[in-house]
Amino acid sequence: MQDHFVRALYETFPEPVVMVDTAKTILSVNQATLQQFGYAEDELLGQHVRILYATEQDYNSCLNKRSMDGNTGAVSDSVYGYRRKDDTVFSAQLRSTMVSGPDGENCGFVGVIHDISNILKLDKARQDASKILDTALAAIPEGFAIFDHEERLLVYNEAYRRVCGPAGPFLRLGMPAEEIIQIAFAGGHYPEAKIGSAAGREWIDNRMFDFRNPTGRSKVFPYGDGRWLRVENFKTNDGNTVVIRIDVTELKETEMALRRQQLEYYTLVQNIPDLITRISKDGVVTFANDHYCRFVGKTAEELVGTPFLDIVPVADRARVASVLESLTPDTPLAVGEQHRILPDGSDIWLLWSNMAVFDNEMLMEYVTVGRDITMQKRQQERIARQSSELQRKNDALNQFTGTVSHDLKAPLRHIAMFSDMINDDIQSGSLEELPGYATHLRQSARRMDRLIESLLDYSQIAYQIGNWSPVPLSDVVADAILNLDSLIRDAGAKIEVGALPVVRGDAELLKRLAQNLIGNAVKYRRAGVQPVVRILGESRDDTDYLHVEDNGIGIDPRFASKIFDVFQRLHRDESVYQGTGIGLALAKRIVESHNGRIELDTSFTEGARFSVAFPKNNSTGKEGAWTAD
Ligand code: ADP
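The text that follows walks through the structure, step by step, so that each part is easy to find. (Residues numbered from 1 in each chain as written. Predicted model: local features only at pLDDT ≥ 70, side-chain atom pairs only at ≥ 80, totals over all residues. Heavy atoms only, no water.)

## A word on the pattern of salt bridges
And step 1. Under the counting rule described, the total for this entry stands at 33 salt bridges.
And step 2. Between R7 and E11 there is a salt bridge, with its nearest N and O atoms 3.3 Å apart. With R7 and E11 both in helix α1 (residues 2-12) and 4 residues apart, this pair spans about one turn of that helix.
And step 3. A relative accessible area of 26% means that E11 is categorised as partly exposed.
And step 4. The residue R558 makes a salt bridge to D556 at a minimum N-O spacing of 2.6 Å.
And step 5. Overall, the relative accessible area of 28% leaves D556 in the partly exposed class. (Salt bridge = Lys/Arg side-chain N within 4 Å of Asp/Glu carboxyl O. Helix = DSSP H or I, 4+ residues; strand = E, 2+ residues; numbered from the N terminus. Buried < 20%, exposed > 50% of the residue type's maximum accessible area, 1.4 Å probe, protein only.)

## Let's talk about the pairing of strand β4 (residues 89-100)
And step 1. Examined bridge by bridge, β4 and strand β5 (residues 106-115) share 9 bridges and lie antiparallel to one another. In the sheet register, T97 faces β5, and the bridge partner there is V110.
And step 2. Counting the residues in the hairpin turn of β4 and β5 gives 5 residues, including G104, whose phi is positive at 85°. (Pairing = 2+ DSSP bridges.)

## Thoughts on the site of the ligand
And step 1. Not every one of the 21 residues close to the ligand is listed here, only the nearest: N520, Y524, R569, G581 and L584.
And step 2. One nitrogen or oxygen atom from the main chain of G583 is found 3.2 Å from an oxygen atom belonging to the ligand.
And step 3. Protein chains shield 98% of the accessible area of the ligand, which is 520 Å² for the free molecule.
And step 4. Mapped by element, the contributors of at least two residues to the shell around the ligand are α18 (507-523) and α19 (583-593).
And step 5. Considering each element in turn, the shell around the ligand owes the most residues, 3 residues, to α18.
And step 6. Looking at side-chain class alone, the shell around the ligand contains 10 nonpolar, 8 polar and 3 charged residues. (Near = heavy atom within 4 Å. Polar contact = N/O pair within 3.5 Å; in protein donor to acceptor, adjacent residues only side chain to side chain. Areas by Shrake-Rupley, 256 points an atom, 1.4 Å probe, with all protein chains shown as cover. Nonpolar A, V, L, I, M, F, W, Y, C, P; charged D, E, K, R; others polar.)

## Details of the sheet that holds strand β14 (residues 347-359)
And step 1. A sheet is described by the order of its strands in space; here 5 strands give the open sequence β12-β11-β15-β14-β13, paired in antiparallel fashion. Among the strands making up the open sheet, the edge pair consists of β12 (285-288) and β13 (333-341). Adjacent strand axes in the sheet meet at a mean angle of 20°, parallel and antiparallel pairs treated alike.
And step 2. Across 6 bridges, the pairing between strand β11 (residues 275-280) and strand β15 (residues 362-372) is antiparallel. From the neighbouring strand, R278 faces β15, where its bridge partner is V367. (Axes fitted to C-alpha atoms, helices over the stretch in contact; angles between N-to-C directions.)

## Observations concerning the packing of aromatic side chains
And step 1. This model, assessed by the stated rule, comprises 15 aromatic pairs.
And step 2. On the basis of an interplanar angle of 45° and a centroid distance of 4.9 Å, the ring pair of Y524 and Y577 is categorised as tilted. Of the two residues, Y524 is situated in the loop between α18 and β19 (532-540) and Y577 in the loop between β20 (543-550) and α19; the sequence distance between them amounts to 53 residues. We note that Y524, like Y577, is buried.
And step 3. Of the aromatic side chains, those joined through ring pairs into one cluster are F37, Y53, Y59, Y80, Y82 and F90. (Phe/Tyr/Trp six-rings, centres within 6.5 Å; stacked < 30°, edge-to-face > 60°.)

Here it is in structure tokens:
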């Protein structure tokens, strides 16, 4: 019964089993042998077992091995080469057992041939793989090493040796991790750790702590000669520690350069006098520089996160929103000026550059830069004012030369004419007219003197007012009346003064203005009628008025503007109304230098009525004032 089982096992055993007698003749083979070697059973039975070996040498070394084992019944394992019927060979481990007869005599051998070629193939693949791994490890720039659970060096690559610096040449398998660190440290490899100091010791302890408690997170510190090292430690499941050391100097330098740049950018943005904000594409403030914060009176913390339009003055919101919306990748920049009145009443001019930042046509954010251009604006205005004043002066000068040459020539012509007549009379001996001629000569000389004086007066009235102050016109008029006292008294004139406004300007010039107007009102009186002069004030909208009206001879409306020109008089005959024709030109110049206007009220028919208009909020600048051109 048992024999059957053994037989079945023999037949179905998956590995070749060969039985030989003492002469090594094959007695029996199982199915696996026939399959493995490719023979039919009768091709093997009775054959010498040598037929199954790859070479004679394989068979012989099998024999030798057996004899060395003393041909005992002990099991013997060895690897030999075998040959199939088709001449292919394979390696197999032979487990051979001597079979003893009932009296202990040697009956033969049973051999189990265990094909290990697959295992060998696997080993070869493994060897190849580890060779590839070694080459790869040697080639990678990262330092790589493995320490066993006793912290002894198991594997390392060339890059690891390099980053170990002074410890590199001493590296050997089995070297304790702490020894490596200490040699490197003693060689001054770690600038952060001062050799011999307590801090140095602590530094090594910290490194060892990191080594023993790997978190998988990296640390970066300086090493070697100004370089940076990233250190990563990992624990493997089998208790080894894998360490990776990467030289990150370039990365670190780039990072530091970037940080430096960021700092420079930040310092720049904070220090330039411009107002700078960054706004997300949904319109929320993400950054505001110090100047912007001061400008809107809020802290950066308050501003960041606020919708930008909430900060913009209500009146400007719609416009700013549409400006931002209008920006496209083709026209990402909009520049515009803004005039803003600050809470303290002062005003400021800003030049806004609103820019949309696009990345590949995609809106990323907005940047707004506001530059205070108040100074430039004021300068521009000053220059514009100066050039228009220059123009006016030029025009006046041209008019001057024309009129002056004409009017000054008249008395000169008289003088020449009378001198000729005196000369003729002296030659003819008729001297009775001479005193009369001499009187004419004197009068002409005097007239010329007056003309020159008044011209000088006119030219000395500056256009620019140096001394701006609030001036009550009632004071100015009172002074003028005092100065005109003898004229008023001689004419028996009645002067009525109403409530007068206070204007900004130069008191002395305004007095000259009042004096000219009131003087004319008294001077150009109607014969036989008591002169009545009314001086009235008025305040309307943004303008203060001074009206001077009289009941005198009046002025033909056709000459309403001509009378303001230099030397323009409607009465040539000086015996009736004396004057040089400069008074109203002077008045006009004074009024214009106060940014005001003077005109003859042609609707007034009882006499003459002059109206002077002064803009309220008048100042040195032209803002809020209209020009008198
Ligand atoms: P002047 O009085 O020295 O002649 P003005 O320049 O003051 O010079 O005046 C110019 C001219 O305007 C005068 O010659 C006069 O004809 C006319 N005029 C000025 N004021 C009056 C006035 N209140 N009534 C009538 N005519 C006037």
